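# Understanding the architecture of this molecule
Take a look at the letters that make up each chain.
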Amino acid sequence: MKRKLVFATNNAHKLEEVAAILGNQIELLSLKEIGCNTDIPETGTTLEENAELKSAFVYKTYHLDCFADDTGLEVDALNGAPGVYSARYATKEGHNAEANMQKLLQVMAGEQNRKAQFRTAISLILDGKRYLFEGVVKGEITTDKQGGSGFGYDPIFKPEGYEQTFAELGTELKNRISHRAQAVAALCEFLSQLKE
């Protein structure tokens, strides 16, 4: 029987992306599917803290094995900002990807050092035990938006070794090389070892 795991997110893009990476190894449940309509506060000061807050809330409330992630774009020239505040970079409330990108492009205008990295932290709670996984992809911030697919900062982030942004590379390739893909791969490897 397939293991059921709740992915503590309301972000349809993330859910789709992770489901594609996991394949049919696990039955992935969304917050909606378990009847959780709470907007779980992300009050941590690190990606790891936010991921743990979300997974702990679901486990404590619903008593279901679950994992949660938090992802940040860390820009060298900005001392790692926007980092944990990536989703709320331009506005304190809600998520406005377009406003976030425009603000970052303005802040980076004329900046020579455009190095950045996307980092994902995943907190898994399985049978009451906590585990942490991480994925990192290095790259750079472009000077303008390029490409129409993806979400978040994808149109202005060019991963190392590629001439195109995440938004131009397409979902299939992005799902193989992204920060989230790496963190989810580490999670999958861990889960598959449990079955052996």
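Please refer to the structure placed before this passage.
Residues numbered from 1 in each chain as written. Predicted model: local features only at pLDDT ≥ 70, side-chain atom pairs only at ≥ 80, totals over all residues. Heavy atoms only, no water.

## A look at the state of the cysteines
Overall, the coordinates contain zero disulfides when judged by the stated rule. With no disulfide of its own, Cys36 has Cys66 as its nearest cysteine by sulfur position, at a separation of 10.0 Å. Under the relative-accessibility criterion, Cys36 is labelled buried at 1%. Summary of cysteine pairing: Cys188 is not part of a disulfide, and the nearest cysteine sulfur, belonging to Cys66, is at 16 Å. Judged by its relative accessible area of 10%, Cys188 falls in the buried class. (Disulfide = S-S within 2.5 Å. Buried < 20%, exposed > 50% of the residue type's maximum accessible area, 1.4 Å probe, protein only.)

## Observations concerning the pattern of salt bridges
In total, this model carries nine salt bridges according to the counting rule given. Across the pair Glu134 and Arg119 runs a salt bridge whose closest N-O atoms are separated by 2.8 Å. One end of the pair, Glu134, is in strand β6 (residues 129-141); the other, Arg119, is in strand β5 (residues 115-126), and 15 residues separate them in sequence. Residue Glu134 is classed as partly exposed on the basis of its relative accessible area, which comes to 45%. Linking Asp154 and Lys174 is a salt bridge whose minimum nitrogen-to-oxygen distance equals 2.7 Å. Residue Asp154 is found in the loop between β6 and β7 (157-159), and its partner Lys174 is found in helix α5 (residues 171-177); the two are separated by 20 residues along the sequence. For the pair Asp154 and Lys174, one class covers both residues: buried. Each of Glu48, Glu74, Arg119 and Glu134 takes part in one network of salt bridges that share partners. (Salt bridge = Lys/Arg side-chain N within 4 Å of Asp/Glu carboxyl O. Helix = DSSP H or I, 4+ residues; strand = E, 2+ residues; numbered from the N terminus.)

## With respect to the pairing of β5
The buried fraction of β5 is high, at 11 of 12 residues. Pairing geometry for strand β3 (residues 66-75) and β5, over 10 bridges, is antiparallel. Considered in β5, the bridge of Phe67 is made with Leu124. Inspection of the sheet shows β5 paired to β6 by 12 bridges, in the antiparallel sense. When the sheet's bridge partners are listed, Leu124 is paired in β6 with Tyr131. Taken together, β5 and the strand that follows it, β6, pair antiparallel across an intervening segment of two residues, in which Asp127 is found at a positive phi of about 50°. (Pairing = 2+ DSSP bridges.)

Note that all results are geometric; they support no functional claim without further evidence.
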